[in-house]
Amino acid sequence: MIATAAGGGLPALASVVDTQVLRYQGGFACEFATETLPGALPIGRNSPQRCPYGLYAEQLSGTAFTAPRHNNRRSWLYRIRPSAVHGPFVPLAHSTLISNFDQEPTSPNELRWDPLPIPSGATDFVDGMLTMAGNGSPEAQGGCGIHLYAANCSMTDRYFYDADGELLIVPQLGRLRLDTELGQLEIASQEIAVVPRGVRFRVELLDPVARGYVCENFGAAFRLPDLGPIGSNGLANPRDFQTPVAWYEDQVDSCELVGKFLGRLWSAPMDHSPLDVVAWHGNMAPYKYDLRRFNTIGSISYDHPDPSIFLVLQSISETPGVDTIDFVIFPPRWLVMEDTFRPPWFHRNVASEFMGLIHGTYDAKAGGFSPGGASLHNCMSGHGPDADTFLEANRRNTSAPQRITDTMAFMLETRMVIRPTRAALQLPQLQTDYRQCWQGLQRHFDPSRP
């Protein structure tokens with residue numbers, strides 16, 4: 001039996017998957033409460049002597065018990081069987097999904113890749129993940145892994161969880177349905193989903209093929225940034241984040257549970273679906289967000305503002321104002337700054353930047369950066385608009401407003417150097433001529449003419 005039902009919180013937009021309507025609760029990291037059967041959630045307590053319907057109570061903790069209330073993430077699950085009911089884990093070979101980022105010396109060279117090809121053989125979401133780069137380590141609970149995925153089939157008798165970090169999934173091609181312990185959600189290009197650390201889930205393809213990006217956050221859970229002088233509204237609004245309602249599978253079949261722990265994959269047999277949570281409450285749950293709802297802030301006088309105004313989610317560090325990971329987007333927007341070079345300026349940062357293109361074109365590059373592709377500009381490596389973009393921006397009349405359309409790019413900015421993996425450096429999609437895009441920038445200096 002598969003059951004679905006509404007839960008607490010505000011229902012948001014509904015989307016149709018086959019004959020099933022998915023419903024969501026609106027808000028970011030709220031105290032949600034949702035049940036598929038009436039009375040499945042205990043009232044006034046978390047762990048009664050006997051749970052309704054013969055369920056087991058289980059707490060899922062994403063932070064230390066003593067973390068400050070505003071940072072604490074945990075949910076109580078009421079499930080058919082405890083999560084400990086499975087066979088022993090054994091190592092599972094996976095040559096392209098790793099957390100070891102010191103395989104090769106990391107050079108300061110700017111790097112860019114074409115999109116991954118779609119696999120020819122049957123490949124699901126887990127098998128189709130390729131680690132491109134990263135920093136830190138799961139053991140230290142700091143840093144991130146950056147992966148690409150390309151798949152052509154759904155996970156059927158297979159489930160996955162990541163003990164190393166939470167997963168930010170960014171589709172570029174093809175729709176995905178994430179069936180998780182805490183409910184179902186559907187995402188497509190220009191949407192994102194975040195699956196918390198340890199939550200078990202299955203990825204089903206809703207189109208023949210799928211491709212995209214994954215940021216594996218080893219550190220503090222993603223949160224919304226403070227707005228400071230922007231005020232009380234703007235950027236990603238909390239009400240636009242959508243968390244699924246409770247849903248469960250009561251399914252008795254042999255299946256595989258795949259776990260990622262300390263950078264390696266492990267496999268355990270199960271005789272039932274791990275997605276058997278009938279009810280839950282708390283603030284640690286998967287969520288989705290439509291990037292097209294982002295409220296873009298920009299300059300209306302002069303100069304190009306810092307990209308921090310495009311910040312969607314952040315993973316904070318112990319240093320105030322310095323994040324472990326910033327997830328930034330570059331959506332459609334108006335540019336109205338007068339007498340200003342409007343594309344992103346040439347720059348060198350103490351932070352390191354990994355970029356992906358979800359849709360359309362990126363305004364700082366005239367060519368060579370395709371949807372599904374990626375680039376890496378590490379600490380203090382110079383980068384910026386290519387020669388053709390620079391010339392066009394210099395000629396443009398900047399007294400007239402300019403609309404940037406048909407685009408959606410993102411950037412993962414980290415305070416630690418992002419180290420590309422050996423597999424990424426050996427990909428045929430690595431553009432060996434990437435640096436040529438700047439070599440056409442000519443000398444215009446004339447000391448006699450201010």
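Scroll up for the structure.
For clarity, every value in this text was computed on a predicted model and none was experimentally measured.

So, how was this worked out
- Residues numbered from 1 in each chain as written.
- Predicted model: local features only at pLDDT ≥ 70, side-chain atom pairs only at ≥ 80, totals over all residues.
- Heavy atoms only, no water.
- Helix = DSSP H or I, 4+ residues; strand = E, 2+ residues; numbered from the N terminus.
- Rg over C-alpha atoms; globule rule 2.2 N^0.38 Å.
- Buried < 20%, exposed > 50% of the residue type's maximum accessible area, 1.4 Å probe, protein only.
- Contact = heavy atoms within 4.5 Å.
- Areas by Shrake-Rupley, 256 points an atom, 1.4 Å probe, with all protein chains shown as cover.
- Core = buried A, V, L, I, M, F, W, Y, C linked by side-chain atoms within 4.5 Å.
- Pairing = 2+ DSSP bridges.
- Axes fitted to C-alpha atoms, helices over the stretch in contact; angles between N-to-C directions.
- Arc of directions from axis to C-beta.
- 1 Å grid on protein atoms, 1.4 Å probe; cavity = no way out; pocket = protein on both sides within 12 Å on 5 of 7 lines; lining within 4 Å.
- Points joined across faces, edges and corners; volume = space filled by probe spheres on them.
- Nonpolar A, V, L, I, M, F, W, Y, C, P; charged D, E, K, R; others polar.
- Phe/Tyr/Trp six-rings, centres within 6.5 Å; stacked < 30°, edge-to-face > 60°.

Caption draft 1: The overall build of the protein, seen in detail. Helix and strand counts for the protein come out as three helices and 32 strands. By the compact-globule yardstick of 22 Å for 450 residues, the protein fits well, its C-alpha radius of gyration being 23 Å. When the 450 residues of the protein are sorted by exposure, 54% land in the buried category. A separation of at least 24 residues holds for 77% of the contacts in the protein among residues at least 6 apart in sequence. For the protein, the exposed area adds up to about 19900 Å²; of that, 52% sits on carbon and sulfur atoms.

Caption draft 2: Layout of the environment of glycine 259. With respect to the helices and strands, glycine 259 occurs in strand 21 (residues 255–261). Spatially, the C-alpha atom of glycine 259 lies 17 Å from that of serine 154, the residues being 105 residues apart in sequence. Other than its neighbours up to four places away in sequence, glycine 259 contacts Phe89, Tyr161, Arg264, Leu265 and Trp266.

Caption draft 3: Representation of the nonpolar core within the structure. Formed by 54 residues in total, the largest nonpolar core has its most connected members in Trp113, Leu168, Leu313, Phe327, Phe354 and Leu412. In this structure, Phe125, Leu178, Val195 and Ala246 belong to the second largest nonpolar core, which totals 35 residues.

Caption draft 4: Here's a closer look at the pairing of strand 24 (residues 287–290). The side-chain alternation of strand 24 yields two buried faces, one formed by Tyr287 and Tyr289 and the other by Lys288 and Asp290. Of the strand pairs in this sheet, strand 16 (residues 191–195) and strand 24 are connected by four bridges, and their pairing is antiparallel. Counted as the bridge partner of isoleucine 192 is tyrosine 289 from strand 24.

Caption draft 5: Focus on the sheet that holds strand 6 (residues 56–61). Read across the sheet, four strands follow the order 5-23-7-6 without closing on themselves; strand pairing throughout is antiparallel. In the strand order of this sheet, the two ends are held by strand 5 (32–35) and strand 6, each with one partner. Ignoring strand direction, the axes of neighbouring strands in this sheet form an average angle of 20°. Pairing geometry for strand 5 and strand 23 (residues 277–282), over four bridges, is antiparallel. Counted as the bridge partner of phenylalanine 32 is glycine 282 from strand 23.

Caption draft 6: Just helix 1 (residues 387–395), in detail. For helix 1, the complete set of buried residues consists of Ala387, Thr389, Phe390 and Ala393. Viewed end-on, helix 1 has its buried residues packed into an arc of 160°, placing them on one side of the element. Away from the buried face of helix 1 by more than 90 degrees, exposed residues Asp388 and Arg395 are located. Where helix 1 is buried, its residues meet helix 3 (436–439).

Caption draft 7: Here's a closer look at empty space enclosed by the protein. According to the stated counting rule, one finds two cavities of 30 Å³ or more in the structure shown. Taken as a whole, the largest cavity spans an internal volume of roughly 240 Å³. In terms of lining residues, the largest cavity is bounded by 23 residues, among which Pro344, His347, Glu353, Met355 and Tyr362 are the most central. Counting residues per element, the ones that place at least two in the lining of the largest cavity are strand 28 (352–360) and strand 29 (374–377). In terms of residue class, the lining of the largest cavity is made up of 13 nonpolar, six polar and four charged. Around the second largest cavity, the lining residues are Phe28, Ala29, Phe32, Arg73, Thr243, Asn283, Ala285 and Tyr287. Partitioning the lining of the second largest cavity into residue classes produces five nonpolar, two polar and one charged.

Caption draft 8: Representation of unusual backbone geometry in the model. In this structure, tyrosine 53 takes a positive phi of about 65° despite not being glycine. With respect to the helices and strands, tyrosine 53 occurs in the loop between strand 5 and strand 6. A positive phi angle, close to 50°, is found at glutamine 141, a residue other than glycine. Positionally, glutamine 141 belongs in the loop between strand 10 (129–137) and strand 11 (142–151). On the accessibility criterion, glutamine 141 (53% relative accessible area) is exposed.

Caption draft 9: Highlighting the packing of aromatic side chains. For the coordinates displayed, the defined rule picks out 18 aromatic pairs. Geometrically, the ring pair formed by phenylalanine 32 and tryptophan 280 is edge-to-face, given 6.4 Å between the ring centres and 75° between the ring planes. Within this pair, whereas phenylalanine 32 is found in strand 5, its partner tryptophan 280 is found in strand 23, the two being separated by 248 residues in sequence. Take phenylalanine 32 and tryptophan 280: they sit in the same class, and that class is buried. With a centroid separation of 5.8 Å and 80° between ring planes, the pair formed by phenylalanine 160 and phenylalanine 201 is classed as edge-to-face.

Caption draft 10: The arrangement of the sheet that holds strand 9 (residues 111–113) in detail. Sheet architecture is open: six strands sit in the order 9-29-28-31-26-25, paired in antiparallel fashion. Strands with a single pairing partner mark the edges of an open sheet, and in this sheet they are strand 9 and strand 25 (311–316). Strand-to-strand twist of the sheet, defined as the mean angle between neighbouring strand axes without regard to direction, takes the value 15°. Sheet topology places strand 9 next to strand 29; three bridges connect them, and they run antiparallel. Pairing of leucine 111 across the sheet is with leucine 376, part of strand 29.

Caption draft 11: Here's a closer look at the pairing of strand 29. Residues Ala374 and Leu376 point to one face of strand 29 and Ser375 and His377 to the other, with burial holding for every one of them. Sheet topology places strand 28 next to strand 29; four bridges connect them, and they run antiparallel. Residue pairing across strands places glutamate 353 opposite histidine 377, the latter belonging to strand 29.

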